[in-house]
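Next come the chains, spelled out residue by residue.
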Amino acid sequence: MTWKAPIAGGAYPCDNEVAVSASNPVLRNSFLYLSRQGWLRRWTETSPLSKRFTGRFVAGNTLDDGLRVCRELRSQSMSASLDHLGENVAALPEADAARDAYLTALHRIYDDRLGATVSMKLTSLGLDISESACERNTDSLVSKAKETGSRIEMDMESAEYTDRTLRLVHLMHERYASVRAVIQAYLYRSENDIADLCRRGVPVRLCKGAYKEPPNVAFPDKKDVDANYVKLAKMLLDSGADPAFATHDPAILDEVVAYVKQRNIPAARFEFQMLYGVRRDLQKRLAGEGYRVRIYVPYGDAWYPYFMRRLAERPANVLFLVRNLFRT
Ligand code: FDA
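A.B. asks: What is the right way to look at the nonpolar core in this model?
C.D. replies: Core analysis: the largest hydrophobic core is formed by 81 residues, its most contacted members being I152, L206, F245 and F272. Ranked by residue count, the leading element in this core is helix α9 (residues 222-239), at seven residues. The next biggest cluster of nonpolar side chains, apart from the first, holds 16 residues, and it includes F31, L275, Y306 and F307.

A.B. asks: Is there a simple way to think about the packing of aromatic side chains in this case?
C.D. replies: Centre distance and the angle of the planes are the two values used to describe a pair of aromatic rings. Overall, the coordinates contain seven aromatic pairs when judged by the stated rule. Ring centres of Y188 and F219 lie 4.7 Å apart, and the angle between their planes is 75°; this geometry places the pair in the edge-to-face category. Residue Y188 is located in the loop between β4 (179-184) and α8 (190-200), and its partner F219 is located in the loop between β5 (204-207) and α9; the two are separated by 31 residues in the primary sequence. Ring plane angle 5° and centroid distance 6.1 Å describe the contact between Y296 and Y306, whose orientation is recorded as stacked. Taken together, the residues Y296 in strand β8 (residues 293-299) and Y306 in helix α12 (residues 304-313) connect sequence positions 10 residues apart.

A.B. asks: Sorry if this is basic, but what is going on with the site of the ligand here?
C.D. replies: Neighbouring the ligand are 27 residues; K208, G209, T247, H248 and E313 lie closest to it. At 2.8 Å from a nitrogen atom of the ligand is found a main-chain nitrogen or oxygen belonging to M156. The contact in question runs from an oxygen atom of the ligand to an N or O atom on the side chain of K208, over 2.7 Å. When the ligand is considered free in solution it has 930 Å² of accessible area, and contact with the protein chains removes 93% of it. Every element with two or more residues in the shell around the ligand is listed here: β4, β5, β7 (271-275) and α12. Of the residues forming the shell around the ligand, the biggest block, three residues, is contributed by β7.

A.B. asks: It is not clear to me how the sheet that holds β4 should be interpreted in this structure. Could you clarify?
C.D. replies: Reading around the circumference, β1-β2-β3-β4-β5-β6-β7-β8 is the order of the eight strands in this closed barrel, with parallel pairing throughout. Averaged over neighbouring strand pairs, the angle between their axes works out to 25° when direction is ignored. Bridge count for strand β1 (residues 79-84) against strand β2 (residues 117-120) is three bridges, and the pairing is parallel. Residue D83 lies in a different strand from β2, and its bridge partner there is S119. Each of β3 (152-154) and β4 is contacted by helix α7 (residues 162-175), which is oriented at about 155° to β4, the strand it contacts most. Along the sheet, helix α11 (residues 280-288) contacts β7 and β8; its crossing angle with β7, the most-contacted strand, is approximately 160°.

Procedures and definitions
- Residues numbered from 1 in each chain as written.
- Predicted model: local features only at pLDDT ≥ 70, side-chain atom pairs only at ≥ 80, totals over all residues.
- Heavy atoms only, no water.
- Core = buried A, V, L, I, M, F, W, Y, C linked by side-chain atoms within 4.5 Å.
- Buried < 20%, exposed > 50% of the residue type's maximum accessible area, 1.4 Å probe, protein only.
- Helix = DSSP H or I, 4+ residues; strand = E, 2+ residues; numbered from the N terminus.
- Phe/Tyr/Trp six-rings, centres within 6.5 Å; stacked < 30°, edge-to-face > 60°.
- Near = heavy atom within 4 Å.
- Polar contact = N/O pair within 3.5 Å; in protein donor to acceptor, adjacent residues only side chain to side chain.
- Areas by Shrake-Rupley, 256 points an atom, 1.4 Å probe, with all protein chains shown as cover.
- Pairing = 2+ DSSP bridges.
- Axes fitted to C-alpha atoms, helices over the stretch in contact; angles between N-to-C directions.
- Contact = heavy atoms within 4.5 Å.

Right, dumping it as structure tokens:
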């Protein structure tokens, strides 16, 4: 494996056509506010125009769409984590349906030998309604993941869910070991959580964090979040089990790669993760250099909150949306 120019250098343009800074707090907060508005969600998810603007970030409405993308990624030496879109379900039959959709996905991943994992949110399995029902649903998914040689990556939602999510992560790790926790670098508590997860040998996906959190819970300044990300990434490289670095931030990717090279850490001991449709240039570049790259591939009808969080991260994406809407 040969390391070329730093990723942060200007030679690798943003995969978006419009280069606008992602860190506009007013726009970010506005999109995060809109992401929680049920009326707008119902209206947009059923709109006949929706396909025109979701295509960039969502594989499609069906599992077959997600599996097609998994195959495309494999042909480019990348793997996938399939996410059946959905969160905060309001009734247990919806949670059971989400569980069944994930079970079907695990079967298809196994049958088609795709080597993909599954990413899911506990609120899609009923966490808001009944913790015990959610635990039962999670147990059936993680046991199936173990049986089929896959893994459940438990997405981390807003801070009100962190304790409950980590409790289930630990329980499932003790029972089956086929889970990965997600830790958000913007939370003050994350350093302690990572130390605990490392002690227990639980694999971790490290991300910056995508929700609106108050300043007593999360670093309000992006530069502090970024600095904490690098600190936590080094902790994971030193003592984590199969860590995954989920970010498109070129400066952070440079720091991780430099640390790995400095410590002679083999590429097989960690992976990079990125979102479907975001910074495809970096995805291909890292895979081409021999690093493991896994792409988070969402599919399904319930795309609205996921999509709005992507706009919050990068308001320039709105220009794509508008352009696609008026394209004939
Ligand atoms: P940052 O936001 O600083 O962006 C760095 C650069 O990446 C930007 O300058 C731009 O080039 C590009 N970029 C970032 N977001 C973009 C977008 N939406 N569209 C276009 N370009 C974009 N969060 C969470 O709270 N819980 C979770 O479980 C997960 N899971 C998860 C899995 C994976 C695989 C990834 C990559 C991310 C998550 N996230 C997440 C989301 C994460 O917390 C964060 O909001 C986004 O990854 C954006 O942060 P970056 O690290 O990319 O940096």
